[in-house]
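Structural overview for review
Next come the chains, spelled out residue by residue.
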Amino acid sequence: MKLNLTAALPLALLFPAVAAAQTTLFSLDEIVFSGNLTELDADRSGLSIEVITEEDLEAAGEVQISDYLARLPGLNVTRDGPVGQNSFPRIRGLDGRYITVRINGIDVNDPSLIQNQTNFGGLTTANISRIEVLYGSQSALYGSEAVAGVIDIRTTAIPDEVGDELGFSIEGGSYDTAQAAFSYAVRGERGGLAFSATRLVTEGFSAAEEGDGNTEADGHRATTLSFSGEYDVTDTVTIGVDTFWQDSFTEFDEGPGAPPGPFNGDGPQTQDVTQRGARLYAEIEGGAVDHEFSLSDYETERFFPLGFFQRFIGERTEMRYVGTWEFAPESALSFGLERSEERFMSITSLGSVSSAEIDVTSAIADIAWAVSSNLDLSLSGRIDDHSRFGTQHNLRAALALRPDADTVIRASVGQGTRAPSLFELFSDNGNPGLSPETSLSVDLGMERSFGDLRLGATVFWIQVNDLIGFDGTATFCASPFGCYVQVPGETTTQGVELAASYDVTERISAFGTYTYTDTETASGARLTRVPRHQLSLGVAGELDSGWRFSVAGIGAADTAVSTFATNQLDDYFVVNANVGYELSDGVEAYLRVDNLFDTEYQTSPGFGTSDRAVYLGLRSRF
């Protein structure tokens, strides 16, 4: 299928699905922080962006961030079993290697994984204050990997106003699951602090599909901490710090297709993972030009006691300067320099060590220009000097037009780059001859309000050139099991995203999304694990008697798991529900049910999903 962008947009608007994320359509006072180098009113941004608040997450009742992301238009998630297992989002058909993920301003794509990406298996919604999802190629601002988009996550935030906030929650239920979370945030006259802690323990269920005779439960336990602080040294100088830390232990199954070995299938494999991140920054109001200096460091260590490759270590250090000049009302020019260093190390059970590193020096510029009262334009550019691949450049342009108070039209086009990961280059399966993938992304969308009804539609197209693939028959690398290769040609993904929400009453809303995604590789095959059709529907609200409820379903159809058109996952539609009751001011008891109708389904072939599961909880905020 070749999608005509001009023709598809009006078609999409004529047939809006009654759809599923309350955050799809912006309120006019929403602020977006990650779309440009300066914050911007949401209706002035030409980018397709989803904003998820702490209230959205609590109302939905999802435990894993990836489960909430699966509600959004253009996103689907594959999970290899229960909490803690591999869980990777896809944006517009492209998997985690094409998505940059940031937590508290720190790039957390793992340099020790096969591709630089973030495993969402252990990331929960507890103590998350905000998530922004940027769609389309954002390499002009975020560099390599930001081809399909960016997911920006913020843990407990410092309050905007002077005062403090205390929160806690405790929950228990199916699969011997227990979770407790605590947060405290305070702002004074010259600064503030925010701290959060989460502990999750679950016995889980078999990661390998139980229907195939696998019975061993795969448990997970994790502790997560975060801290933020800022202080106004003077009226024009602010210093701050953001940190997070997570330590986890997970039992897992290799699943189908794993290399032969004694621990495959329903075996006793385990992994210990530690992640640490910290960011120091200083903000200086300089009159005509404001300045921000930052230094961040991220490290992850993965330990597999039963594997041949027992330990993987990845590190990233970034230094950044950004200057911002507000040259006109609601218009700003930002410019800056970045320096990033990545390191990778693997250690086998025999004690042999492999390591590699790269560095990238970058110049960036971004202009957000209010051309008129109803037209905004942004232009962004980046030049990277890569220690292995030399000079690369990426550009992005976005436009937002408001023909009337109820309508926003958005358009953006951006170039993207994905440099080969250190594993793809230098592991036993690596190929030092690989070169970066390049891409082009285009989207066009419209949002319109009709009183209590809000509709949105976006058409998108992404083309990736010279994709890096894996050839299991290649023998030119050190491994006898295959090598990474450059695949000449173009891989495309294109489709339509629809969204709608309707205020049934002042306190009850229906909402939902539908996404059609068509993908094609250079060989003419489809990308795997990408539903051609994805739907989410829901209703949520509050009752005068103190009750709150939410019911939402997610469905997928026509999902290929190989290049053979007949080899597909079964279609499914899964419904989750939760209900809460306010016991007193700021204290709520709640009940949530995952997979309400006990649907049998898979998002990843050979791996199981939760049966009907029931959880009880208590939370408060003062």
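Residues numbered from 1 in each chain as written. Predicted model: local features only at pLDDT ≥ 70, side-chain atom pairs only at ≥ 80, totals over all residues. Heavy atoms only, no water.

Next up on the list: the nonpolar core. Counting 33 residues, the largest nonpolar core has Leu69, Ile131, Val133, Ile151 and Ile153 as its most contacted members. Those elements that provide at least two residues to this core are helix 2 (54-60), helix 3 (65-69), strand 6 (99-103), strand 8 (128-135), strand 9 (149-155) and strand 24 (453-465). Ignoring any residue separated from it by four or fewer positions in sequence, one finds Leu69 in contact with Ile52, Leu75, Phe120, Val133 and Ile151. Grouped together as the second largest cluster of nonpolar side chains are 15 residues, Phe344, Ala356, Leu422 and Phe423 included. (Core = buried A, V, L, I, M, F, W, Y, C linked by side-chain atoms within 4.5 Å. Buried < 20%, exposed > 50% of the residue type's maximum accessible area, 1.4 Å probe, protein only. Helix = DSSP H or I, 4+ residues; strand = E, 2+ residues; numbered from the N terminus. Contact = heavy atoms within 4.5 Å.)

Summing up the model confidence of the protein chain, the mean pLDDT is 91 and the portion of residues at 70 or higher is 93%. The model gives residues 1-28 a pLDDT under 50, and that stretch makes 82 contacts with residues more than four places away or in other chains. (pLDDT = per-residue confidence, 0-100.)

Looking now at the packing of aromatic side chains. In this structure the tally under the stated criterion is 12 aromatic pairs. Centre to centre, the rings of Phe423 and Tyr484 are 6.4 Å apart; their planes meet at 85°, and the pair counts as edge-to-face. With Phe423 in helix 5 (residues 422-426) and Tyr484 in strand 26 (residues 483-486), the pair connects residues that are 61 residues apart, well separated along the chain. Accessibility assignment for this pair places Phe423 and Tyr484 in one class, buried. Between Tyr572 and Tyr601 the ring centres are 4.8 Å apart and the planes differ by 35°, which places this aromatic pair in the tilted class. Within this pair, whereas Tyr572 is found in strand 32 (residues 572-584), its partner Tyr601 is found in the loop between strand 33 (587-594) and strand 34 (613-621), the two being separated by 29 residues in sequence. Tyr601 sits in the buried class, given a relative accessible area of 18%. Arg592 extends its terminal NZ or CZ atom over the ring of Tyr615, reaching a point 4.1 Å from the ring centre. Here the guanidinium or amino end of Arg619 rests over the ring plane of Tyr590, the centre of that ring lying 4.4 Å away. (Phe/Tyr/Trp six-rings, centres within 6.5 Å; stacked < 30°, edge-to-face > 60°. Lys NZ or Arg CZ within 6 Å of the ring centre and 35° of its normal.)

Under the counting rule described, the total for this entry stands at eight cavities of 30 Å³ or more. Reported here for the largest cavity is a volume of approximately 700 Å³. If you go around the largest cavity, you meet 42 residues; those closest to its centre are Gln64, Asp67, Arg79, Asn576 and Tyr601. Taken together, the elements giving at least two residues each to the lining of the largest cavity come down to helix 3, strand 4 (75-79), strand 11 (177-187), strand 12 (191-202), strand 29 (531-542), strand 30 (547-560), strand 32 and strand 33. Broken down by element, the residue count for the lining of the largest cavity peaks at five residues, all from strand 30. Looking at the second largest cavity, its volume works out to about 570 Å³. In this structure, the second largest cavity is lined by 36 residues; those nearest its centre are Asp107, Tyr142, Glu318, Ser340 and Arg382. (1 Å grid on protein atoms, 1.4 Å probe; cavity = no way out; pocket = protein on both sides within 12 Å on 5 of 7 lines; lining within 4 Å. Points joined across faces, edges and corners; volume = space filled by probe spheres on them.)

Here we come to the sheet that holds strand 8. One open sheet accounts for five strands, arranged 3-8-9-6-7; its pairing is mixed. Each of the sheet's edge strands pairs with one partner strand only, and the pair in question is strand 3 (49-53) and strand 7 (106-107). Bridging between strand 6 and strand 7 involves two bridges; their strand directions are antiparallel. Paired with Ile103 across the bridge in strand 7 is Ile106. (Pairing = 2+ DSSP bridges.)

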